[in-house]
Amino acid sequence: GQNIDQPTEMTATEGAIVQINCTYQTSGFNGLFWYQQHAGEAPTFLSYNVLDGLEEKGRFSSFLSRSKGYSYLLLKELQMKDSASYLCAVRAKDGGATNKLIFGTGTLLAVQP
Amino acid sequence: GAVVSQHPSWVICKSGTSVKIECRSLDFQATTMFWYRQFPKQSLMLMATSNEGSKATYEQGVEKDKFLINHASLTLSTLTVTSAHPEDSSFYICSARDPENSNQPQHFGDGTRLSIL
């Protein structure tokens, strides 16, 4: 089966750094994605990891350890507009050719002044 | 600009009505599209995988006769919620990925907020 876990909520201060963790247990792992979703809107792509290590993109970085089934999203220099839900999603093959994207429960981040 | 277009954005209708939602890929041909449902303060739940020219693959617990999926062309998939009831009220989102760029992320439509009275 597929299982993806994230903390439900986090709070951080404007200008600070926050790390959002994601652990997963899936079969046919084929990449891990992080998405940002503001309330009432569709998710927007943040980062993608398929190999172990750190991927940096501006204020956002994402890390993956496939052996540990673990990833984190690091947000630096937090801004108020970063208040949103952050979704960890694993792309997994379902035994056929289709790669499904399975989402975690999402982490609601509140950035405070 | 948007690469996946979803229509309509909002639907409010009476119980028993059937509602059709369209998902179009604008810049590429999508042999596979995905349909998700999201309840308030919850994550996206994959409902089904829409396959062009063949039957959709439904996730466990999703009624295929309730949620009809048609993927008649390489750029269009439709989800029809048949005889909708208040418990079907939710945020429905489609996504698609350019098969020519396998490492690219799925692109999401803007979603459809369905409210059944």
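Here we summarise the structure given alongside this text.

How each quantity is defined
- Residues numbered from 1 in each chain as written.
- Chains lettered and ligands numbered in written order.
- Predicted model: local features only at pLDDT ≥ 70, side-chain atom pairs only at ≥ 80, totals over all residues.
- Heavy atoms only, no water.
- Helix = DSSP H or I, 4+ residues; strand = E, 2+ residues; numbered from the N terminus.
- Disulfide = S-S within 2.5 Å.
- Buried < 20%, exposed > 50% of the residue type's maximum accessible area, 1.4 Å probe, protein only.

### Points about the environment of Ser-67 of chain A
Note on placement: Ser-67 of chain A falls in the loop between strand 7 (60-65) and strand 8 (70-75). It is 8.7 Å that separates the C-alpha atoms of Ser-67 of chain A and Asp-52 of chain A, two residues lying 15 residues apart in sequence.

### Some words on the state of the cysteines
Throughout the structure, instances matching the rule amount to two disulfides over all chains. A sulfur-sulfur distance of 2.0 Å marks the disulfide that ties Cys-22 of chain A to Cys-88 of chain A. Disulfide Cys-22 of chain A-Cys-88 of chain A: torsion about the S-S bond near -70°, hence left-handed. Here the residue Cys-22 of chain A occupies a position in strand 3 (residues 18-25), and Cys-88 of chain A occupies one in strand 9 (residues 84-93), the gap between them amounting to 66 residues. Given the relative accessible area of 0%, Cys-88 of chain A is considered buried. Cysteine Cys-13 of chain B shares no disulfide, and the gap to the nearest cysteine sulfur, in Cys-94 of chain B, comes to 18 Å. By relative accessible area, Cys-13 of chain B is classed as buried at 12%.

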